[in-house]
There are 2 protein chains.
Amino acid sequence: MPTIDGQRVVADLKRLAEFGRYKTGVHRPTYSPVDVESRHWLAEKLGEAGLDPVIDGIGNVIGRNPSAQRRLLIGSHSETQPYGGWLDGSLGVIYGLELARAFAEDPGCAEFGIEVAAWADEEGHYGNYLGSRSFTDALPEDEIDQTRGRDDGTPLREALERAGLAARPRERVDPKRYVGYLEAHIEQGDTLDTSGLRIGIVETIVGIWNYRISLIGEQNHAGTTRMVRRKDAGVAMVRLATRIHDCFPEIAGLRTVWTIGRILLEPNAPSVVPGHAEMQVQFRDADIDRLAVFEKSLHELVSEADRAGPCACEIETIARTEPRPMDPRFQDQIEAAAERHAPHMHMRLPSAAGHDAAVLSYRMPAGMMFIPSLRGISHHWSEDSKEEDIVLGAQVFADAAERILRSVR
Amino acid sequence: MPTIDGQRVVADLKRLAEFGRYKTGVHRPTYSPVDVESRHWLAEKLGEAGLDPVIDGIGNVIGRNPSAQRRLLIGSHSETQPYGGWLDGSLGVIYGLELARAFAEDPGCAEFGIEVAAWADEEGHYGNYLGSRSFTDALPEDEIDQTRGRDDGTPLREALERAGLAARPRERVDPKRYVGYLEAHIEQGDTLDTSGLRIGIVETIVGIWNYRISLIGEQNHAGTTRMVRRKDAGVAMVRLATRIHDCFPEIAGLRTVWTIGRILLEPNAPSVVPGHAEMQVQFRDADIDRLAVFEKSLHELVSEADRAGPCACEIETIARTEPRPMDPRFQDQIEAAAERHAPHMHMRLPSAAGHDAAVLSYRMPAGMMFIPSLRGISHHWSEDSKEEDIVLGAQVFADAAERILRSVR
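Residues numbered from 1 in each chain as written. Chains lettered and ligands numbered in written order. Predicted model: local features only at pLDDT ≥ 70, side-chain atom pairs only at ≥ 80, totals over all residues. Heavy atoms only, no water.

Novice: What am I meant to see in the side chain of Asp56 of chain B here?
Specialist: Residue and element names in this part refer to chain B. Considering the arrangement of structural elements, one finds Asp56 in the loop between strand 3 (52-55) and strand 4 (61-64). Here Asp56 is buried and forms no salt bridge, its nearest opposite-charge partner Arg170 lying at an N-O distance of 6.7 Å. If sequence neighbours within four positions are ignored, Asp56 has contacts with Leu165, Arg168, Pro169, Arg170 and Glu171. (Helix = DSSP H or I, 4+ residues; strand = E, 2+ residues; numbered from the N terminus. Buried < 20%, exposed > 50% of the residue type's maximum accessible area, 1.4 Å probe, protein only. Lys, Arg positive; Asp, Glu negative; His and termini not counted. Salt bridge = Lys/Arg side-chain N within 4 Å of Asp/Glu carboxyl O. Contact = heavy atoms within 4.5 Å.)

Below, the structure is given as structure tokens:
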């Protein structure tokens, strides 16, 4: 069994967290200068681990193993949410790096190769799963042409140019090359932490459906425009958002979640009646039928708001990912490894967060493993996990990878 | 009677609108490069009109008349709202310039002097009435130290430095120098336009009370945080905003207006439960007792939201301007001039917008005159007035100024 070096894992995670450090977390948006620096550092580390590293035209860092007979692809994303956590994404990338080293150091694993990927923009600063979709032939050139940064509208092409990536080719998957894809991640929820368990085996990655709702009113002076004459897009927006939050609980399942995480007013000035407003509505569930019920309800609420006036109300679908089951054989092998190193301290559970593993699962068998998140906090700089869980997780993950390489045909 | 040159007025307004032109309107935020350019152009025009021009340390452009025996100060602001109108503010400044020229050209007015001011930041890109408050000794140095740009948080000191203003002294009023202050403006509302009248005589400038409301929740992952565990500051905000819009109509007078024009979510990302939200609530009325009732209601709604949880809710007063009556003698003289040039086509009315005249009225007698706004549209690039109303307004204003200079002691 390949044996991981726990201190090496923790040291690399801490080094990676230096790129964009913010309090105890990290601010490292995709294609920002620190993100680009960190990807060059990762490529160097993959080279030191004996892999052939490449940074491709969308920012993916991929370490190839040219000689192995059977290969697992292991990865996660390396950018962070705005002012996000130090482990989200980074953990899975550094686990991949450590497994490449541990397998290379284990003479019993000479026929096996670990290839490592640090995907770009899983967190969606520009698009949705840009890196893993590019790698799996699911990112057309014209989408790249049209994509703009979520915060300041920078064209993706311009961001790639500035990051020194524009002239590089995009790497594409050869599914025959791999037994499958494996990804480790912090749970981000509190299921493991509150139940005192140490390893999660992912059964399904939820579907995530995203919508943009626009309210179109009439921009005007906040003093001289009498209330009866106003078409205030901000009022229309807060009323519709309140309706959504009132209605969704009635149709939700036990694990359904919905969020209005992004709101824009125009011109967003205290003395101007807003002429335009926008909000993004997102919901997640492992059951595709329930997602469809939510979508129907959202369309009805938007129509109702539009009919009520005085502002027009429009809805546009941004993205709909299907719920993706993980390969049952992968689940079994992760569970067997967990039982060996942490007997009775593991459970199977769905992933309420989206992951690159869902994208990869369209092209090859895929599996995912979780370690606990303290208090379930994530997408925030205070996100953390116990060091002993980080180290244990790496060893379970290495053991699971070997079991998969030996058993899955 | 000083006679204005209508074509000269319109040409100067059009020239000024070139600084920051946006569609048929203007985008000229305070201290932006185009704003600074336009102030230098205005200083040059005031010099051509025979005044001694100065741009002071807060950005005010002031044209002094060194020789007159009796003086009126005439002005308005020259920056615009974001993507705002071409007349708002600019009209009053160019009227001032034209009156300086018309009085200088009229031998019967040799003893009278028109001094002209283009105030800085009436529109509040940085503060509240920075220019006129600076001029009337109502802007302390430490407020300048602490003020930051509303949009990007740039310190005001840094903006002044970049605008080349930091080293200049701030001009201060000598009230004994003036018979009073006069300001012309577009109405911005639709009262004149819908009643087919051409001149408005302002009786009172409404009080404007502004508040910042903060909602403090817990930032978290939008997938993995179950609904019952969330402290979503965005949900708290839209619910409170909806309550405000439901409750305020019950206590409003005929002309009370209220606006939530500015909303901020943090981190404002689609896949993150917002941990912090902020909104600015503003209301306006000519009756100070009604403003107090609104304030009491707002405090109650905030307390109610705070008690209901799960987010904390705080309120902070940003600014409270008192309703300011205009000098009755000024009103009478403006009305007499309106009756001469546009018989039966004028009315007295309150100003629902705030103006620098309210600030100046604490230090000297003040008056205001309105011309009609087409469809009452303002604070938007499509704001406009008929050219014949612009020209008529300038002549009424010149006549009113002479009447005031001759009669008010």
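There is more to say, and it comes next.
Novice: Please explain the packing of aromatic side chains as it appears in this structure.
Specialist: The description of two aromatic rings rests on the distance between their centres and on the angle between their planes. A complete count under the given rule lists 26 aromatic pairs over all chains for this structure. Taken together, a centroid distance of 5.7 Å and an interplanar angle of 40° make the contact between Tyr95 of chain A and Phe397 of chain A tilted. Here Phe397 of chain A lies in helix 12 (residues 387-407) and Tyr95 of chain A lies in helix 3 (residues 90-105), a separation of 302 residues in the sequence. By the burial criterion, Tyr95 of chain A is buried, and Phe397 of chain A matches it. One aromatic cluster is present, built from ring pairs that chain together Tyr211, Phe248, Trp258, Phe283 and Phe294 of chain A. Taking the ring centre of Trp209 of chain B as reference, the NZ or CZ of Arg320 of chain B above it sits at 5.3 Å. (Phe/Tyr/Trp six-rings, centres within 6.5 Å; stacked < 30°, edge-to-face > 60°. Lys NZ or Arg CZ within 6 Å of the ring centre and 35° of its normal.)

Novice: Before we go on, may I ask you to explain the pattern of salt bridges in this structure?
Specialist: If charged atoms from side chains of opposite charge come close, those side chains can pair. All names here are of chain A. Counting across every chain of the model gives 76 salt bridges over all chains. The closest approach of N and O atoms between Arg39 and Asp35, which form a salt bridge, is 3.1 Å. Of this pair, Arg39 and Asp35 are both found in helix 2 (residues 33-48), four residues apart, which corresponds to roughly one turn of the helix. Overall, Arg39 belongs to the buried group, its relative accessible area being 3%. For the salt bridge of Arg329 with Asp327, the shortest nitrogen-to-oxygen distance reads 2.9 Å. Overall, the relative accessible area of 36% leaves Arg329 in the partly exposed class. With a relative accessible area of 14%, Asp327 lands in the buried category. Counted as one network, the salt bridges with shared partners bring together Arg8, Asp12, Lys45, Glu48, Glu98, Arg101 and Glu105.

Novice: Whenever I open this one, the pairing of strand 17 (residues 366-371) of chain A confuses me. Can you help?
Specialist: Consecutive side chains along a regular strand alternate between the two faces of the sheet. Residue and element names in this part refer to chain A. In terms of burial, strand 17 is a largely internal element, six of the six residues being buried. By the alternation rule, side chains of strand 17 split into Ala366, Met368 and Phe370 and Gly367, Met369 and Ile371, which are all buried. Relative to strand 17, strand 7 (residues 180-186) is paired through six bridges, and the arrangement is parallel. Counted as the bridge partner of Leu182 is Gly367 from strand 17. When strand 8 (residues 199-205) meets strand 17, the two strands line up antiparallel, connected through two bridges. Each residue of the ladder has a partner; that of Gly200, found in strand 17, is Phe370. (Pairing = 2+ DSSP bridges.)

Novice: Which parts of the structure should I look at to understand the interface of chain A and chain B?
Specialist: How big an interface is tends to be stated in terms of the accessible area lost upon association of its parts. Facing 56 residues of chain A, the contacting portion of chain B comprises 55 residues. Here chain A packs against chain B, burying approximately 5,000 Å² in sum over the two surfaces, 53% of which is carbon and sulfur. Taken together, the connections running from chain A to chain B amount to six salt bridges. Notably, a salt bridge pairs Arg226 of chain B with Asp190 of chain A, separated by 3.0 Å at the nearest N-O pair. Those elements that provide at least two residues to the side of chain A that touches chain B are strand 10 (220-221), helix 8 (233-251), strand 11 (257-266), strand 12 (272-273) and strand 13 (276-285) of chain A. Looking at which element gives the most residues to the side of chain A that touches chain B, the answer is strand 11 of chain A, with nine residues. (Buried area = accessible area lost by both parts, 1.4 Å probe.)

Any functional reading would require information beyond the geometric quantities listed.
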